[in-house]
Amino acid sequence: MNRKVYRKLIFELSREGRHGHDIPRSGITPDDLGGVSVAPLPGDMMRADTLRLPEVDEPTAVRHYTNMSTNNFGVDTGFYPLGSCTMKYNPKINEEMAAHRCFAGVHPATPVSAAQGALQLYWTLQSALCKIGGMEEFTLNPFAGAQGELTGLMVIRAYHASRGEGDKRRKVIVPDSAHGTNPASAAVCGLEVVEVKSRPDGTVDVNDLAPLLDDTVAAMMMTNPNTLGIFEKDIPRIARMVHDVGALMYYDGANLNPLLGVARPGDMGFDVMHINLHKTFSTPHGGGGPGSGPVGVRKGLEKFLPNPRVIRHLETHQGFPVKEEKRYGIVYDPAALGSVSATLGNFAVQARALAYILTLGSDGLMEAGKLATLNATYIKESLKDCYLLPIDGLSKHEFVFDGLRDKSTGVTTLDVAKRLLDHGYHAPTIYFPLLFHESLMIEPTETESRETLDEFIDVMRDIAREAFEDPETVKTAPHLTPVRRPDDTQAALTPILTYDQLITTN
Ligand SMILES: *Cc1c(COP(=O)(O)O)cnc(C)c1O
């Protein structure tokens, strides 16, 4: 990497009185051209005098923003070793479909008769997810995986309440390997979290689970393959034990890719599940959004799903044809949960996910699942002589190293992740899961080529060698990025978000 690093803020480039071209006003208004006129801002809201704006010439403004855009890392510029959770390749056709003029202009308040295509898209996607997950019905309304978990747990609470057991069943069992959002969602839902331990092979310890199960349990939440990438082989047995005490099984399908077309949570005994469209189905995310966490339920639980719901009228109704503009409808069931999102969720994300599903088709989805597993296994096997593999079982779409094999050099997982930045890679997820001290989690995803994986493996091997031969270089990495080692804690506790804050802090 050999490019100039631009550190200045646009405010620091500002010179009083500097400005770009300012052509004289023509005096022609949009009204003259038959266009829509724009009402001027009310006078008391105009802050031209008090608002401090940077004053720069045009080339400075253009160069500033263009250069700043190259300081960023994106999936269009490089590989993410924790792809699905962070960012995997987002096929361009998804973007084209979401931006299509037939979809881009739909407004939440568009009348149902004028939004039939959008509702058909929603209905088609929820039907596809039912097939993929083995569920009866899906709601696409939740905006994120965590919100899907909360919605799913609310469905489970509503189910127990409908049987007069709402007050009694307050516990949710969560494995110690679970994603942090699982216990958090249970707590937000007003339920008590009970942790179940993992065995040394990374799967849930059935002996530890048995004594936790009784009629105070509302649900057990599981991820399969779990966050260590290990397939939970005892699921049918666990599901039977959980159902025997009247509790429900919740499936965290944030990263369903390794199972796509191969196995279905509904067939494994799960009652409620969510899928992250923004992970499994390749829609872009990061920096907190946008996402979509659809929730599916098995037959019998549909009535507890949140409002609103999309329904399809069949081609004929009581012998009369149903008009095309009335085929899809939106219903609000007063008995259901309330709404969990504005209208029908993140429509543009749904459009991208459906584009991905339809592009691949069912054969392609099955291929994606297998490739996700093959790619992860290839990297794991190619690196396990330099990096410590704490659980050497068969893994699926992701796996976890416990830092470098040789710990004598003092080079940590953080150092390895920082050194990867110098080689033009995004860092993998580090220090998660909490089961190991030096966790380094890798998930290449199904979309990366053999050549990309080989290059990454070479770089990881180079770093392991460098950690031995020249540990200082690794410990002080990165050396080539605009920002090197920010104080994570300070950045989280006292973020500086505005120029004014920066001046007063310095
Ligand atoms: C990402 C993830 C979640 C949370 O999804 P968000 O959309 O980030 O809220 C939950 N569970 C697992 C296993 C995940 O990987």
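Structure: see above.
These remarks concern the structure in this document. (Residues numbered from 1 in each chain as written. Predicted model: local features only at pLDDT ≥ 70, side-chain atom pairs only at ≥ 80, totals over all residues. Heavy atoms only, no water.)

### So, the packing of aromatic side chains
As a reminder of what qualifies: Classification of ring pairs rests on two measures: the distance between centres of Phe, Tyr or Trp rings, Trp counted by its six-membered ring, which must be within 6.5 Å, and the angle between planes, read as stacked under 30 degrees, edge-to-face over 60 and tilted in between. Helix and strand assignments follow DSSP, with helices taken as H or I runs no shorter than four residues and strands as E runs no shorter than two, numbered in order from the N terminus.
Here the structure, examined in full by the defined rule, presents twelve aromatic pairs. A ring pair is formed by tryptophan 123 and tyrosine 328, whose centres lie 6.3 Å apart and whose planes are at 55°; its orientation type is tilted. One end of the pair, tryptophan 123, is in helix α6 (residues 116–133); the other, tyrosine 328, is in strand β11 (residues 328–331), and 205 residues separate them in sequence. Counting every residue linked through ring pairs, the aromatic cluster contains Phe79, Tyr425 and Phe456.

### Remarks on the site of the ligand
So the rule is basically this: Proximity is defined per residue: if any heavy atom of the residue lies within 4 Å of a molecule or strand, that residue is considered near it. The definition of a polar contact used here is a pair of N or O atoms within 3.5 Å, where within protein one atom must be able to donate a hydrogen and the other to accept one, and adjacent residues in sequence count solely through side-chain atom pairs. Where accessible areas are quoted, they stem from the Shrake-Rupley method and a 1.4 Å probe; at the residue level, only the protein chains shown are allowed to cover. In this classification, Asp, Glu, Lys and Arg are treated as charged, Ala, Val, Leu, Ile, Met, Phe, Trp, Tyr, Cys and Pro as nonpolar, and every other residue, Gly included, as polar.
Lining the immediate surroundings of the ligand are 13 residues, of which Gly145, Ala146, Asp252, His278 and Lys279 lie closest. A distance of 3.0 Å separates an oxygen atom of the ligand from a polar atom in the side chain of asparagine 255. One of the side-chain nitrogen or oxygen atoms of asparagine 276 is found 3.0 Å away from an oxygen atom of the ligand. Isolated, the ligand exposes 380 Å² of accessible area, and the fraction of that covered by the protein chains is 85%. Elements represented by at least two residues in the shell around the ligand include exactly α7 (145–162) and α12 (277–280). When the residues that make up the shell around the ligand are grouped by side-chain class, the tally is four nonpolar, six polar and three charged.

### Notes on the sheet that holds strand β14 (residues 439–442)
Cut-off, in case you're wondering: What makes two strands pair is DSSP finding at least two bridges between them.
Within the open sheet, the three strands sit side by side as β12-β14-β13. Their pairing is antiparallel. Each edge of the sheet is formed by a strand with only one pairing partner; in this case those strands are β12 (399–402) and β13 (429–430).

### A look at the environment of glutamate 398
Note the threshold: Relative accessibility thresholds used throughout: buried, under 20% of the residue-type maximum; exposed, over 50%; partly exposed, between the two (1.4 Å probe, protein chains only). Contacts are assigned to residue pairs that have any heavy atoms within 4.5 Å of one another.
You can see glutamate 398 is positioned in the loop between α13 (347–383) and β12. By relative accessible area, which is 2% here, glutamate 398 ends up buried. Here the alpha-carbon distance between glutamate 398 and threonine 124, two residues 274 residues apart in the chain, equals 30 Å. Glutamate 398 has contacts with Asn226, Thr227, Leu228, Gly229, Ala376, Met441, Ile442 and Glu443, leaving out every residue within four places of it along the chain.

### Let's talk about a nonpolar patch on the surface
We apply this condition: A residue counts toward a patch only above 30% relative accessible area and without a salt bridge, and it is joined to like-charged neighbours within 9 Å or, for Val, Leu, Ile, Met, Phe, Trp and Tyr, to nonpolar neighbours within 5 Å. By convention in these notes, a salt bridge is any Lys or Arg side-chain nitrogen within 4 Å of a carboxyl oxygen on Asp or Glu.
Taken together, the side chains of Leu41, Met45 and Met46 present a nonpolar region at the surface, about 350 Å² in accessible area. Within the secondary structure, methionine 45 is located in the loop between α1 (10–13) and α2 (58–70). Overall, methionine 45 belongs to the exposed group, its relative accessible area being 53%.

### Here we look at the packing of helix α14 (residues 413–422) against helix α15 (residues 450–469)
To be explicit about the condition: Axis lines are fitted through C-alpha atoms, for helices just across the contact stretch, and the angle between N-to-C directions can take any value from 0 to 180 degrees. Any angle that falls under 35 degrees is termed roughly parallel, while one over 145 is termed roughly antiparallel, one within 65 to 115 roughly perpendicular, and all others oblique. Left-handed describes a crossing in which the near helix is turned anticlockwise from the far one by less than a right angle; the clockwise case is right-handed.
Packing of α14 against α15 leaves a shortest axis separation of 10 Å and a crossing angle of 125°. On the basis of the axis angle, α14 is oblique to α15. Crossing geometry of α14 relative to α15 is assigned as right-handed. For the pair α14 and α15, contact is made by Val416, Arg419 and Leu420 and by Phe456, Val459, Met460, Ile463 and Glu466, respectively.

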